[in-house]
Amino acid sequence: MANADAVFQQFRTAAREQVRLPLAVEAYFSGETTPEQTRELESYLRRRIRSFLELLIREDQLTKLETIAGWLNPGLAEDGLDVAIRLKKSEAFVWLLKWKAEHCGFSDRDFTL
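Please read all numbers here as calculations on a predicted model, not as lab measurements.

The rules behind the values
Numbers given for residues are sequential positions, taken from 1 along each chain in its written order. Thresholds applied to this predicted model are a pLDDT of at least 70 for local features of residues and 80 or more for the giving and counting of side-chain atom pairs; totals over whole chains, interfaces and linings are not thresholded and use all residues. Side-chain descriptors were evaluated using all non-hydrogen atoms of the structure, hydrogens and water having been removed beforehand. Any carboxyl oxygen of Asp or Glu within 4 Å of a side-chain nitrogen of Lys or Arg constitutes a salt bridge here. Runs of H or I in DSSP of at least four residues are treated as helices and runs of E of at least two as strands, each being numbered from the N terminus. Categorising residues by exposure relies on relative accessible area from a 1.4 Å probe, with only protein chains included: less than 20% of the type maximum marks a residue as buried, more than 50% marks it as exposed, and the intermediate range marks it as partly exposed. All axes here are fitted lines through C-alpha atoms, helices being fitted over the stretch that makes contact, and every angle between N-to-C directions spans 0 to 180 degrees. Oblique is the label for any angle not under 35 degrees, not over 145, and not in the 65 to 115 range, which are roughly parallel, roughly antiparallel and roughly perpendicular in turn. Two helices that cross are described as forming a left-handed crossing if the nearer one is turned anticlockwise from the farther one by less than a right angle, and a right-handed crossing if clockwise. Note on contacts: a residue pair is in contact if any heavy atoms of the two residues lie within 4.5 Å. For this scheme, ten residues count as nonpolar: Ala, Val, Leu, Ile, Met, Phe, Trp, Tyr, Cys and Pro. Four count as charged, namely Asp, Glu, Lys and Arg, and the remainder, Gly too, count as polar.

Q: Help me out: how do you make sense of the pattern of salt bridges in this one?
A: Pairs can form between side chains of opposite charge whenever their charged atoms are close. Going through the model one piece at a time under the given rule, you end up with 10 salt bridges. Note that Arg-39 is salt-bridged to Glu-36, the shortest N-O span being 3.9 Å. Remark: Glu-36 and Arg-39 occur in helix 3 (residues 35–47); sequence separation between them is 3 residues, near one turn of the helix. The residue Glu-78 makes a salt bridge to Lys-100 at a minimum N-O spacing of 2.1 Å. Placement of Glu-78 in helix 6 (residues 74–87) and of Lys-100 in helix 7 (residues 90–103) is noted, with a sequence separation of 22 residues between them. Salt bridges sharing partners connect three or more residues here, namely Glu-17, Arg-20 and Arg-48.

Spelled out as structure tokens, the structure:
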């Protein structure tokens, strides 16, 4: 718990977003934060969902991506697919493609032959 508190305090005092986001991710997924800290971290991460999604894809954190699958919507899935293509992250691309197929389909595509 002490480590999670230290990371949370670093998150709170960090001025730069490039520092805050990874600290928020580390603290949020530590499982050792208080309910108040978890709410604050979740609020922060939801407001920066695209950056958060890109960070998880960039670092091949598919387990964490699965954890926040409930936060995704069709637009975010498309953004994630674009990021996965750009970063050449095939596992994340496949996972996001499956998520999109299961949750919203491909109404924007015509697959007729």
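Q: How should I be thinking about the environment of Glu-59 in this particular structure?
A: Position of Glu-59 relative to the elements: it lies in the loop between helix 4 (49–58) and helix 5 (62–67). Glu-59 gets classed as partly exposed once you look at its relative accessible area, which sits at 45%. The spacing of Glu-59 and Ala-92 is 33 residues in sequence and 10.0 Å in space, taken between C-alpha atoms.

Q: Honestly, the packing of helix 6 against helix 7 in this entry has me stumped. Any pointers?
A: Packed helices, taken two at a time, are described by the angle between their axes plus the distance between the axes. Where helix 6 contacts helix 7, the axes come no closer than 9 Å and their chain directions differ by 160°. Classified by the angle between their axes, helix 6 and helix 7 sit roughly antiparallel to one another. Classified by chirality, the crossing of helix 7 by helix 6 is left-handed. On helix 7, the residues touching Pro-74, Ala-77, Glu-78, Gly-80, Leu-81, Ala-84 and Ile-85 of helix 6 are Ala-92, Phe-93, Leu-96, Leu-97, Trp-99 and Lys-100. Looking at the contact of helix 6 with helix 7 residue by residue, the classes come out as 10 nonpolar, 1 polar and 2 charged.

Q: I'm lost on unusual backbone geometry in this one. Help?
A: Apart from glycine, the bulk of residues carry a negative phi angle, and the bulk of peptide bonds sit in the trans form. Of note in this structure, Asp-60 is not a glycine but carries a positive phi near 55°. The residue Lys-88 is not glycine, and still its phi comes out positive at about 60°. In this fold, Lys-88 is placed in the loop between helix 6 and helix 7. The class for Lys-88 is exposed, based on a relative accessible area of 72%.

Honestly, that's just the spatial picture; any functional story needs more than this.
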